[in-house]
Every structure is written in C-alpha cells, then in structure tokens.
Amino acid sequence: MNQEILLQLKNISVQYGGVKALDGVDVALDEGEIVALMGPNGAGKSTILKTIFGLAPIRTGQLLWREQAILPVPHQMVRRGAAFVPQGRRVFRNLTVKENLEIGAFAVKDKKIIKQRIERILELFPDLKKKLELKSRALSGGQQQMLAFARGLMTDPKVLLLDEPSLGLSPKIVKEVFVKIKEINTQRRTAILVVEHNIKSLLEVADRTYVLDKGKIVTEGDSRQLLKNDIIKKVFLGKLK
Ligand code: ADP
Ligand code: MG
C-alpha cells in the first residue's frame, strides 16, 4: 500500500526542567488510522500529544508531518490539519453548544463555511443537534465529551489528538464515546491518536497500540494481538475494568 505517513515522532525526547517526560520515542500515524497510547500515570502519554501540537519542549529528535521535518507551533498545527482535544472535557460552560462549535472554527472567516461545517458535524452528533441553543453547562458529562469532539472537528482536521476522552464517564457512556470515535474515523477518514486507560474498549477500536512506561515505548503492535499479550493482560487487564 502506498499510504502516506501522516505524522511521525522520531527518537523524540522531551524534558521539563529536570524531568524527562519522553526518552527516545518513535510513534507513527498513517492517514485514516486509529492509534492508541496506553500506559500508567506519568508514562508520557499526554506529552506525546502535546509534542505533536507544539506544546511540549522537544529536546532531541524529529517531528515529521507528511514526511517533512517540522517545528510544531499550535496555530500552524491547526492549519496543517491537527486538532487537539485535551483531557477534561473543556467546553465553554457559559456558552451555548452552537457558540462552542463556532469557536472551534476560529480560523475560518466565512460564516457560510462555518454553518456548513456545523451541519456536517451535527450529522455525527444528533444529540447535540437538539441542544444547540442550550448552555453547555446543562449537558451531561457524556454530551460535553461529544461536544469537545465536535468542536475539535470544526477545523476539519486530518488528525484528532484525544487525551483520555472517557475519564470520569460511566461504563455505558464510555462505550458510546468509543463508538463515536470509530464513527468519526470511518465517516470522515480522520486519523485519531487517542490516550486511554480503558484498555478493553480501546483495543477494540484502535488499529494499533503503543504502550509506554517512564517515557519509553515498551510494546507496540496490532491492538487485537496486544489483547492476547500476557504482559498486557497482567499489567492492565488485571487492574482495570
Ligand atoms: P501521562 O499522560 O502518561 O500520565 P504525562 O505526559 O502527563 O504522563 O507526564 C509525563 C511526565 O512528565 C510525568 O513525570 C509528569 O510529572 C511530567 N510532566 C508533565 N507535564 C509537566 C510540566 N508541565 N512540568 C513538569 N513536569 C511535567
Ligand atoms: Mg495524561
């Protein structure tokens, strides 16, 4: 297959003061792929997403976008086609659902394009369609997470960077979140790099998974194969629901 590598971290190290958050990490993401980042707290998962979006101090290594080395800066990454949905469902609680979506397209000046994008995105989120004029603080946790995804899509990204989208949600809602991740990916061919604790649901939707520990990749591979991996079973499935 002649598929372009959309995004690649090559031997990346990131250091915050004296703390080495990433230590020689290699991660790649192809067009249209869903890739998961797993690992214990403090392993460096969020730092990988922040590195791609230009929010982490890269010490050494290279970041490639469509096989070109770049120095990531947030607004330029948005223009290239990356969208970052940070941890914690950060929606503007005092703004309506519609206003939250409009803000997501801050880089677009043409109102008609914004309207078209909202309409297209709402096809994926029928629940939000009914609540467009509601303040987003009135939404449930699950709906706020959907709004955070929807807002991320307003820049029409090639890749969505999702940090722990299921955190603090009930198991039923977590399932819906993953179904939605898969739907976004199939309907829009958006590549998705997702950090997640919820290993079982994650491995079911992710094509590939990287497992990190202490700033290094310890295992990587086909998600279904990893589910059968004894280390993964012991380390993660034993502990996590
Ligand atoms: P994860 O998302 O896997 O829990 P992080 O990427 O957030 O891990 O963090 C990796 C390491 O970097 C941790 O040791 C964390 O304490 C440290 N770290 C993350 N962000 C900062 C920061 N802004 N300043 C200092 N240390 C940080
Ligand atoms: Mg994190």
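Please refer to the structure placed before this passage.
Let me sum up the structure you'll find in this document. (Residues numbered from 1 in each chain as written. Chains lettered and ligands numbered in written order. Predicted model: local features only at pLDDT ≥ 70, side-chain atom pairs only at ≥ 80, totals over all residues. Heavy atoms only, no water.)

What about the sheet that holds strand β5 (residues 68–70)?
Read from one edge to the other, the open sheet built from four strands follows the order β2-β1-β4-β5, with strand pairing classed as antiparallel. Each of the sheet's edge strands pairs with one partner strand only, and the pair in question is β2 (19–30) and β5. Neighbour to neighbour, the strand axes of the sheet diverge by 20° on average, direction disregarded. Where strand β4 (residues 58–65) meets β5, three bridges bridge the pair, whose relative direction is antiparallel. The residue of β5 that forms the bridge with L63 is I70. (Pairing = 2+ DSSP bridges. Helix = DSSP H or I, 4+ residues; strand = E, 2+ residues; numbered from the N terminus. Axes fitted to C-alpha atoms, helices over the stretch in contact; angles between N-to-C directions.)

What about the packing of aromatic side chains?
Going through the model one piece at a time under the given rule, you end up with one aromatic pair. Against the face of F125 rests K180, its NZ or CZ located 5.5 Å from the ring centre. (Phe/Tyr/Trp six-rings, centres within 6.5 Å; stacked < 30°, edge-to-face > 60°. Lys NZ or Arg CZ within 6 Å of the ring centre and 35° of its normal.)

A few points about the site of ligand 1
Near ligand 1 you find Y16, V19, A21, P40, N41, G42, A43, G44, K45, S46 and T47, and these make up its full shell. S46 has a polar side-chain atom sitting 2.8 Å from an oxygen atom of ligand 1. At 2.5 Å, a side-chain N or O of T47 approaches an oxygen atom of ligand 1. Surface burial for ligand 1 is 62%, taken as the share of its 560 Å² of free accessible area covered by protein chains. Mapped by element, the contributors of at least two residues to the shell around ligand 1 are β2 and α1 (45–53). Ranked by residue count, the leading element in the shell around ligand 1 is α1, at three residues. Of the residues contributing to the shell around ligand 1, the split by class is five nonpolar, five polar and one charged. (Near = heavy atom within 4 Å. Polar contact = N/O pair within 3.5 Å; in protein donor to acceptor, adjacent residues only side chain to side chain. Areas by Shrake-Rupley, 256 points an atom, 1.4 Å probe, with all protein chains shown as cover. Nonpolar A, V, L, I, M, F, W, Y, C, P; charged D, E, K, R; others polar.)

Section: the pattern of salt bridges
In the structure shown here, the tally under the stated rule is 12 salt bridges. In this structure, R120 and D156 form a salt bridge, with 3.9 Å as the shortest nitrogen-oxygen distance. Placement of R120 in helix α4 (residues 111–124) and of D156 in the loop between α6 (141–153) and β7 (159–163) is noted, with a sequence separation of 36 residues between them. You can call D156 partly exposed: its relative accessible area is 36%. Here R188 makes a salt bridge to D156, at a shortest N to O gap of 3.0 Å. Of the two residues, R188 sits in helix α7 (residues 171–188) while D156 sits in the loop between α6 and β7, which places them 32 residues apart along the sequence. Where salt bridges share partners, they join K20, D23 and K216 into one cluster. (Salt bridge = Lys/Arg side-chain N within 4 Å of Asp/Glu carboxyl O. Buried < 20%, exposed > 50% of the residue type's maximum accessible area, 1.4 Å probe, protein only.)

Describing the nonpolar core
Counting 44 residues, the largest nonpolar core has L101, F125, L128 and I181 as the members making the most contacts within it. Among the elements that line this core, the one with the most residues is α6, at six residues. Once residues within four sequence positions are removed from consideration, L128 is found in contact with V97, L122, L139, Q143, M146, L147 and A150. The next biggest cluster of nonpolar side chains, apart from the first, holds 33 residues, and it includes L6, I12, A56 and M77. (Core = buried A, V, L, I, M, F, W, Y, C linked by side-chain atoms within 4.5 Å. Contact = heavy atoms within 4.5 Å.)

Remarks on the pairing of strand β6 (residues 82–85)
Burial along β6 is two-sided: the residues A82 and F84 and A83 and V85 are all buried. Here β6 pairs with β7 via four bridges, running parallel. What sits directly across from F84, in β7, is L161.

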